[in-house]
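So the chains spell out like this:
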Amino acid sequence: MSSTNLPSEKFRLGMLLSDTRYRGTSLQVITFIIFVAVFFWLVDNTLKNLALLGKDVSFAFLGMRAGYDINQRLIPYTNDSTHAMAAFVGILNTLLCAFVGCIIATIVGVFVGILRLSKNWIVAKLMSVYIEGFRNVPVLLWIVMVFALLTEFTPAPKAFKGANPEATMFLFDSIAITNRGTYLPAPVWGQGSTFLIIIFLISVLAVIFFIRYAKELKKNTGRNMPSFWISIGILIVPTVLFYFILGKPVELNYPYLKGFNFKEGIHLRNSFIALTLALAFYTSAFIAEIVRSGILAISKGQTEAAASLGMKPNKIMSLIILPQALRVIVPPLISNYLNLTKNSSLAIAVGYMDVRGTLGGITLNQTGRELESMLLLMGFYLSVSLFISSIINWFNRSFQIVVR
Amino acid sequence: MKNYAYVREKSIPPSPPPLIEVGVIGWIRQNLFSSWFNSFLTLFSLYFIFICLIDFIPWAWGGHWNAKSLRECMDLDPNVACFSVLAARWEQLLFGLYPADQYWRPTLTFVFLILSIIPILFPRFFRYFWFSVIYPGLAIWLLWGGSIWSIAIIYIGVIFGVASFTVLSKGVIRSTSVNLTLSIVITLLFFLFLSSTLTEFLSYLIPISLPFVESLRMGGFTLSLIVGISGIVASFPIGILLALGRQSNLPIIKMICVGFIEFIRGVPLITLLFVASVLLNYFLPPGTNFDIVLRVVIMVTLFSAAYMAEVIRGGLAGLPLGQHEASASLGLTYWQSQRLIIMPQALKISIPGIVNTFIGLFKDTTLVSIISLRDPIGLASTIRADTKWNGIYWELYVAIGLMFFIVCFGMSQYSQYLERKLQTDK
């Protein structure tokens, strides 16, 4: 008769380290003790240091008067506002730069990535030069270079003066690029513009419903609709129609020269443009590589199989290649958005007031609350990062290839 | 039998393809002008290249190298580059504020750097690997100076520890882990009690020392290389450990690793550098104040270790589960199977990602200019603050960009070479 019992051995202390049954647990206990000890050591040091400096940990400074101006702001802010408000202005500036930067980076990146796969030798090489050039030079250098380009090589506002000016505005006198920034026409929301916006939003909804309906129809009957043109029509026609019916409620306010500077219009500062463009071009080089590898990752057999089913080239691209390539492209694309957002903290190099410039810069220096400011700043970046990685996880979950 | 007037006995030799299908013309037709759209793209690109070069080449080619100031350059010819700033300040761009009579030290360090990299890059020279091992200590001594024994004592201590482990293993205690713990304790005791006396004694016996240079004088490309190389060397093993920790089935270790990686990856490097320069003094016992370059190196290392961990984790996840199971069924222990089976394959898969992390780290060394260390970009603004060179931009930026481009592009080319060399499945 055979026994299935394990050979019983008396427990010895050495077995905690040598026996694989206990080693895992004892290692974890040791690690945990060390971790907790280091943590308490750090906290203890911090408390001692704060006591030495006569400081306490308090976030009350957020409610105090900030006392400094921020030249670029999306919401009303004066130097009488609180530090919390200044931080919020900074956060909005960071998000604005990140948002615009991501859009430009995606457009340029997709364009460059596809062109790099072009059979045209010279275009492909040109795109390689673009990608390698941007990827292998520090982004900080790109930021200061674009800033120098904008401030040194653009005309001063006074160059637009006179009957025969040295510089002229672009697009029917609506855009002025100067060394103090770029001036764009600003929309003026007159009476009835709210109604117009509502009309536009309704037509956006209508387009969404229409596309759903077209898909359903295609699924059930196999009939194709010219959905692209119909959607464009639904999107534009009612808004344009009501724009004229309501008597042009939205007008553009053009920038014009007054004294030595431009007045009215939207003023985009060079710091913002330089930061956004440099980050966008830098990131677009990475996005281009992602797009290229995503398209190359789809095996040629997929294209051939689709072609042998009798699909047309544009259908092959939109129904076979792109859905599969997107699964490869989107997660690293989103993490590049995150990189761009984090890199926007380099704003200080050109004097753009992002959240690191307000909360982690002037507020920190004025109040001397290094610990609290840095904690809040890291908290902000961490929550943006967690938000973005939760999007990636959601994407991966919902678009995974379903395996039996 | 019929009589044929003519029977061809040999086949006609193939006639050459039409001239427009082969050679240069054929290539151009196929690659540049295959359709009207392609032709348009080609012409447009050519035009674009033309307008870029038409300004750049005369600007760069005719540049002045010998002027004393930007004004002098402008007087000579305002339309060409003024590389005189590089001629006048190249030493600063390379060495920062390092004492001028000691320039040979960073230069020698750089030469040794290349020599010490060769055994790692090319397996043919692997027998010189000992030099790569002693290089870090040598570099620190050459750059910062002081007595050679204060660095050498670290090596002596490590050799002492290894020796004690070997002696213990041959002794009565059989357990490796107990022996390892004992020898670590012995080494720590050596560093705590014996090392300072021994250093003094050796310095007295064989006095070899260099004048001390403080960290704030390090700058320029030397600083980038110091931070970059030490970050790369240190972050690689830490990254491997973090990746293994994250894959581990021990929940507490896994939690600590995940927390660390996600925290570091979630915040910009700039905030970490600010922690290093402003906040670190809060976390250490009152009165401690250690070297700013070392602080920066630690932060950069931790930062890229987290990214490295994610890259290596990707490599680990790319391995089929069968590899783990096969090595376990051969009876290999955890560390044996990691060392012999898993890691070599996982690292091979993740070479592109690892090198990308290295490149990113090296580029990120420029961020130290924001906490007012003098890296090349920081120095560019210092040089521009000089009245002689006030208003100069492109010459400096092009030079700095080119230096970074050469290093980073070189790294990416090497990684492609390595990938091709290690490709065993094709």
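As the structure is a computational prediction, the values presented were derived from the model and not from experiment.

> Looking at this structure, how should I read the domain arrangement of chain B?
As a measure of interface size, the accessible area lost when the parts come together is often cited. Entries for chain B in the domain assignment read domain 1 (1–61), domain 2 (86–98 + 216–422) and domain 3 (147–210). Its C-alpha centre places domain 2 of chain B at a distance of 29 Å from the equivalent point of domain 3 of chain B.

> What's the story with empty space enclosed by the protein in this structure? I'm lost.
Regions of empty space are outlined by a rolling probe, equal in size to a water molecule, passed over the atoms. Under the defined criterion, the tally for this structure stands at 1 cavity of 30 Å³ or more. Volume-wise, the largest cavity comes out at about 50 Å³. Along its surface, the largest cavity is lined by Leu50, Lys55, Asp56, Gly368, Arg369, Glu370, Leu371 and Glu372 of chain A together with Tyr282 of chain B. Top contributing element to the lining of the largest cavity by residue count: helix α12 (residues 370–399) of chain A, with 3 residues. Classifying every residue of the lining of the largest cavity gives 3 nonpolar, 1 polar and 5 charged.

> Can you help me understand the interface of chain B and chain A in this one?
Contacts between the two partners involve 52 residues from chain B and, on the opposite side, 53 residues from chain A. Ranking the residues of chain B by area buried against chain A places Tyr282, Lys363 and Trp394 of chain B at the top, with a combined share of 15%. Here chain B and chain A share 0 salt bridges between them. The interface formed by chain B and chain A contains 15 residue pairs in polar contact (both at pLDDT 80 or more). Looking at the side of chain B that touches chain A, the elements that each hand over two or more residues are α1 (23–31), α2 (36–61), α10 (251–266), α11 (269–283), α15 (351–364) and α17 (394–422) of chain B. Taken together, the residues of the side of chain B that touches chain A break down into 38 nonpolar, 11 polar and 3 charged.

> Sorry if this is basic, but what is going on with helix α11 (residues 355–367) of chain A here?
Between its first and last C-alpha atoms α11 of chain A spans 16 Å; for 13 residues at 1.5 Å apiece the expected length is 18 Å, and the helix comes up short by more than 12%. Within the span of α11 of chain A, buried status applies to Val355, Arg356, Gly357, Thr358, Leu359, Gly360, Gly361, Thr363 and Leu364 of chain A. Looking at the packing, one finds that the buried side of α11 of chain A touches α3 (83–116) and α12 of chain A together with α11 of chain B. Directly after α11 of chain A, the chain includes glycine 368 of chain A, whose backbone phi takes a positive value near 70°.

Conventions adopted
- Residues numbered from 1 in each chain as written.
- Chains lettered and ligands numbered in written order.
- Predicted model: local features only at pLDDT ≥ 70, side-chain atom pairs only at ≥ 80, totals over all residues.
- Heavy atoms only, no water.
- Domains from an automatic or database assignment.
- 1 Å grid on protein atoms, 1.4 Å probe; cavity = no way out; pocket = protein on both sides within 12 Å on 5 of 7 lines; lining within 4 Å.
- Points joined across faces, edges and corners; volume = space filled by probe spheres on them.
- Helix = DSSP H or I, 4+ residues; strand = E, 2+ residues; numbered from the N terminus.
- Nonpolar A, V, L, I, M, F, W, Y, C, P; charged D, E, K, R; others polar.
- Contact = heavy atoms within 4.5 Å.
- Buried area = accessible area lost by both parts, 1.4 Å probe.
- Salt bridge = Lys/Arg side-chain N within 4 Å of Asp/Glu carboxyl O.
- Polar contact = N/O pair within 3.5 Å; in protein donor to acceptor, adjacent residues only side chain to side chain.
- Expected span 1.5 Å × (residues − 1).
- Buried < 20%, exposed > 50% of the residue type's maximum accessible area, 1.4 Å probe, protein only.

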